[in-house]
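# Understanding the architecture of this molecule
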Amino acid sequence: MSDLTHLTIAQALSGLKNKDFTSVELTEAHINAMQDARDLNAFIVETPEKAMEQAKASDARRASGDAGLLEGIPMAIKDLFCTEGVQTTASSKILEGFIPQYESTVTTNMFRDGAVMLGKVGLDEFAMGSSNTTSYFGNIINPWKANDGKDLVPGGSSGGSAAAVAARIAMGATGTDTGGSIRQPAAFCGLAGIKPTYGRCSRWGIIAFASSLDQAGPIARTSEDCAIMLESMAGFDAKDSTSADKPVPKFTESLTGDMKGLRVGIPKEYRMDGTPDEIVKIWDQGIAWAKDAGAEIVDVSLPHTKYALPTYYIIAPAEASSNLSRYDGVRYGLRVDEGGNLNDMYAKTRAEGFGDEVKRRIMIGAYVLSAGYYDAYYIKAQKVRRLILNDFIKAYEQCDVLLTPTAPSSAFAIGENEDDPIKMYLNDVFTVPASLAGVPGMSIPAGLDAKGLPLGLQILGRPWDEATVLKVGHAIEQKAGFNAIPQSLLNKKAA
Amino acid sequence: MSIDKQTVLKVANLSRIEVTDKEAEDMVGKLDKIIGFVEQLSEVDTDDIEPLANVVDIDLRLRDDVVNDGNCQDKVLANAPDSIEGFYVVPKVVE
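Residues numbered from 1 in each chain as written. Chains lettered and ligands numbered in written order. Predicted model: local features only at pLDDT ≥ 70, side-chain atom pairs only at ≥ 80, totals over all residues. Heavy atoms only, no water.

## Quick word on a nonpolar patch on the surface
Defined as follows: Exposure above 30% relative accessible area and the lack of any salt bridge qualify a residue for a patch; like charges then connect within 9 Å, and the nonpolar side chains Val, Leu, Ile, Met, Phe, Trp and Tyr within 5 Å. Method for areas: the Shrake-Rupley scheme with a 1.4 Å probe, in which residue coverage is limited to the protein chains shown. Salt bridges are defined as contacts in which a side-chain nitrogen from Lys or Arg sits within 4 Å of a carboxyl oxygen from Asp or Glu. By definition, any uninterrupted DSSP run of H or I lasting at least four residues is a helix, any uninterrupted run of E lasting at least two residues is a strand, and each is numbered from the N terminus.
A cluster of nonpolar residues, Val90, Val93 and Val94 of chain B, forms a patch on the protein surface that exposes about 280 Å² of accessible area. Position of Val90 of chain B relative to the elements: it lies in the segment after β2 (87-88).

Right, dumping it as structure tokens:
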């Protein structure tokens with residue numbers, strides 16, 4: 001463990017600029033941290049040689065006066081982004097050994113800007129989950145521990161990303177968010193993470209789960225670091241038909257620490273029965289911080305909130321069943337051929353290649369899309385989705401951003417919530433509505449609960465207004481002053 | 001509508017996922033619970049509401065009809081479980 005791994009991206013960029021250290025030194029420190037923290041199982045593939053090569057090239061570029069936005073910063077890449085020449089699996093057995101022959105647009109953008117890749121981090125299989133207990137490559141462990149010392153989930157699906165950043169292995173990581181997969185793990189690991197507006201980051205080269213919902217975004221330790229990363233990751237891409245041809249703002253310029261003139265909406269439907277007191281308390285504290293930073297607080301209503309999860313669990317599986325039909329044992333990945341015909345090969349390959357949760361979602365999707373049920377389930381869900389979007393449009397007539405909790409609990413123990421899929425799905429109750437509406441949302445670290453575990457606050461904004469979301473996230477973060485680090489790191493430091 | 005074993009087997013076949021009788025029985029409970037959960041939507045009044053397929057208000061872009069990709073047969077086949085002479089190989093389709 002070295003102090004270099006405790007810097008934020010912003011601090012590291014200025015240290016590199018001032019020649020306090022080189023990218024090679026910074027990268028070496030992180031490679032050591034990666035190798036010391038293998039017990040977390042955050043990485044599926046480590047790429048230390050590639051990282052050192054990139055770091056050397058980065059130092060050379062910087063010396064020639066040609067430094068990019070992320071120049072020399074060691075990052076972890078979620079194993080849902082195709083990386084040329086480096087195995088990409090979506091944490092699924094069906095893609096074990098798959099070596100992409102091309103680079104995703106988001107990682108291409110980051111490498112253009114000087115990012116250094118430490119390796120590929122794990123996720124829930126095909127990004128379907130909130131716990132990282134569905135990966136073929138084993139559970140990922142949250143570096144945070146409750147007082148009882150039990151192993152906790154890092155959240156999901158971007159759990160490897162969050163675990164790596166929280167454990168000071170990577171300075172930032174890419175994530176993807178379909179129903180909360182950036183925001184919930186960020187909250188569980190005491191980090192900042194933003195899902196931008198749908199269309200802001202190109203989906204090209206990201207393994208598809210639910211195409212009308214999937215968005216890439218950064219997970220890092222501060223809002224400022226998220227702003228730096230998002231600026232690099234975002235941008236128009238002709239290869240993604242839903243990519244927005246809009247200029248990417250200088251997000252860091254909006255981080256003033258001030259919320260004067262901003263109206264912060266508090267959606268009354270998010271005050272749900274059964275929400276733990278500690279979650280309500282941190283939310284109320286967040287409201288007080290926003291006021292303190294100069295914001296005006298307004299009560300708003302999102303009447304269709306309670307229908308967001310049922311809508312999501314029709315639309316996401318429907319799109320998944322279609323997207324995952326490509327895994328057929330013909331073009332890439334696993335093939336199980338026991339001498340039968342082509343159909344037998346498909347069915348056996350998919351039976352062995354997919355895990356239980358993925359199978360469940362493909363089958364739910366096939367069911368809601370099947371003849372006789374298509375209108376009753378799928379079209380119905382698309383109609384309710386419009387009502388949910390309309391709720392947001394209406395709320396934003398009264399306010400500039402919304403402030404809510406990120407998740408209904410802190411990180412839970414591995415194995416909890418496994419018996420009942422609905423219980424697991426409820427983890428995303430606060431994050432799914434914004435995914436359905438396509439609006440940007442971020443989670444910031446706000447405090448610790450009685451067990452010593454991080455709690456997050458969620459900020460949702462208007463479409464294409466990530467700048468205000470980041471501004472508010474940054475301002476509340478300043479008030480919260482969250483500076484706790486995982487106990488396991490303190491122990492290592494002491495050892 | 002509740003899910004029974006027959007429905008599970010039918011949907012598994014549509015999904016091209018091999019499922020044994022025993023597995024189908026085990027799946028009934030969880031799938032039924034999920035379908036029961038999403039059926040809440042039937043209480044929402046959606047008369048005169050247009051289905052929303054995509055939140056992005058962008059018209060699909062057109063591009064010139066030119067070849068701008070290709071000549072990469074090796075790359076296309078690089079991850080194939082089985083290929084020969086530039087083709088994918090699959091089990092026999094016609095008996």
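## Overview of the environment of Asn390 of chain A
In this structure, Asn390 of chain A sits in helix α12 (residues 374-395). C-alpha separation for the pair Asn390 of chain A and His304 of chain A, spaced 86 residues apart in sequence, amounts to 9.4 Å.

## A few points about the environment of Gly261 of chain A
Residue and element names in this part refer to chain A. Put simply, the rule is: Only heavy atoms enter the contact rule, under which two residues are in contact if any of them lie within 4.5 Å.
Topologically, Gly261 is positioned in the loop between α7 (223-233) and β7 (263-267). Distance from Gly261 to Ala293, taken between C-alpha atoms, is 10 Å for residues 32 residues apart in sequence. Residue contacts for Gly261: discarding those within four places in its chain leaves Gly294 and Asp400.

## Things to note about the interface of chain B and chain A
To be explicit about the condition: A quick way to say it: buried area is the sum, across both parts, of accessible area lost when two parts are put together, with a 1.4 Å probe. Contacts described as polar in this section are N or O atom pairs within 3.5 Å, which, within protein, must combine one atom able to donate a hydrogen with one able to accept it, while residues neighboring in sequence count only if both atoms come from side chains. Residue type decides the class: Asp, Glu, Lys and Arg count as charged, Ala, Val, Leu, Ile, Met, Phe, Trp, Tyr, Cys and Pro as nonpolar, and the leftover types, Gly among them, as polar.
The interface of chain B with chain A comprises 51 residues on the first partner and 71 residues on the second. Summed over both sides, the interface of chain B with chain A buries roughly 5400 Å², with 68% coming from carbon and sulfur. When the buried area of chain B at its contact with chain A is split by residue, Leu41, Leu52 and Asn79 of chain B rank highest and sum to 13% of it. For the pair chain B and chain A, the number of links is three salt bridges. Close ionic contact of Glu18 of chain B with Lys348 of chain A constitutes a salt bridge, the shortest N to O distance being 2.8 Å. In this structure, the connection of chain B to chain A is made through 19 residue pairs in polar contact (both at pLDDT 80 or more). Listed by contribution, the elements that provide at least two residues to the side of chain B that touches chain A are α1 (5-14) and α2 (21-38) of chain B. At eight residues, α2 of chain B tops the list of elements feeding residues into the side of chain B that touches chain A. Its residues placed into classes, the side of chain B that touches chain A shows 31 nonpolar, seven polar and 13 charged.

## Structural notes on the sheet that holds strand β3 (residues 116-121) of chain A
Residues and elements named next belong to chain A. Counted only if it meets this: Paired strands are those between which DSSP finds at least two bridges. Axes here mean lines fitted to C-alpha atoms, for a helix over just the part in contact, with angles spanning 0 to 180 degrees between N-to-C directions.
With mixed pairing, the 11 strands of this open sheet are ordered in space as β1-β3-β2-β4-β6-β5-β10-β11-β9-β7-β8. Only two strands of the sheet have a single partner each, and these edge strands are β1 (43-46) and β8 (296-300). Geometrically, the sheet is characterised by an average inter-axis angle of 30 degrees between neighbouring strands, direction not taken into account. Pairing of strand β5 (residues 192-195) with strand β10 (residues 441-448), which is carried by three bridges, proceeds in the antiparallel orientation.

## Observations regarding empty space enclosed by the protein
We apply this condition: Using protein atoms alone on a 1 Å grid, points that fit a 1.4 Å probe yet trap it form a cavity, whereas open point sets bounded by protein on both sides within 12 Å along at least five of seven lines form a pocket; residues with an atom within 4 Å of a point count as lining. Grid points are joined across faces, edges and corners, and a volume is the space filled by probe spheres set on the points.
Throughout the structure, instances matching the rule amount to three cavities of 30 Å³ or more. Taken as a whole, the largest cavity spans an internal volume of roughly 50 Å³. Mapped onto the lining of the largest cavity, the elements with two or more residues apiece are α11 (356-369) of chain A together with α1 of chain B. For the lining of the largest cavity, the per-class residue count stands at seven nonpolar, one polar and no charged. Taken as a whole, the second largest cavity holds about 40 Å³ of empty space. A total of three residues in the lining of the second largest cavity trace back to one element, the largest contributor, which is strand β11 (residues 454-461) of chain A. Residues of the lining of the second largest cavity, tallied by class, amount to six nonpolar, three polar and no charged.

## Notes on the layout of surface pockets
Approximately 970 Å³ is the volume attributed to the largest pocket. Tyr102, Trp204, Gly205, Arg326 and Tyr332 of chain A are the residues nearest the centre of the largest pocket, which is lined by 29 residues in total. Classifying every residue of the lining of the largest pocket by side-chain character gives 14 nonpolar, eight polar and seven charged. Of the volumes computed, that of the second largest pocket is approximately 550 Å³. Looking at the second largest pocket, it is lined by 36 residues, and the ones nearest its centre are Thr134, Asp356, Glu357 and Arg360 of chain A together with Lys30 of chain B. Listing elements by their share of the lining of the second largest pocket, those giving two or more residues are α9 (308-323), α11 and α13 (421-425) of chain A together with α2 of chain B.

## Some points on unusual backbone geometry
All names here are of chain A. Applicable threshold: Relative accessible area decides the class of each residue, using a 1.4 Å probe on protein chains only: under 20% of the type maximum gives buried, over 50% gives exposed, and in between gives partly exposed.
Following Gly156, the chain continues into Ser157 via a peptide bond in cis, with omega recorded as 10 degrees. One non-glycine residue, Ala90, adopts positive backbone phi at about 55 degrees. Within the secondary structure, Ala90 sits in the loop between β2 (74-78) and α4 (105-112). Taking the relative accessible area as the measure of exposure, Ala90 reaches 0% and is therefore buried.

## Focus: the pairing of strand β9 (residues 401-405) of chain A
Residue and element names in this part refer to chain A. Within β9, five of the five residues are buried, which leaves the element mostly enclosed by the surrounding structure. Taken together, the five bridges between β9 and β11 define a ladder with antiparallel strand orientation. In the strand pairing of β11, Leu403 is matched with Ile459.

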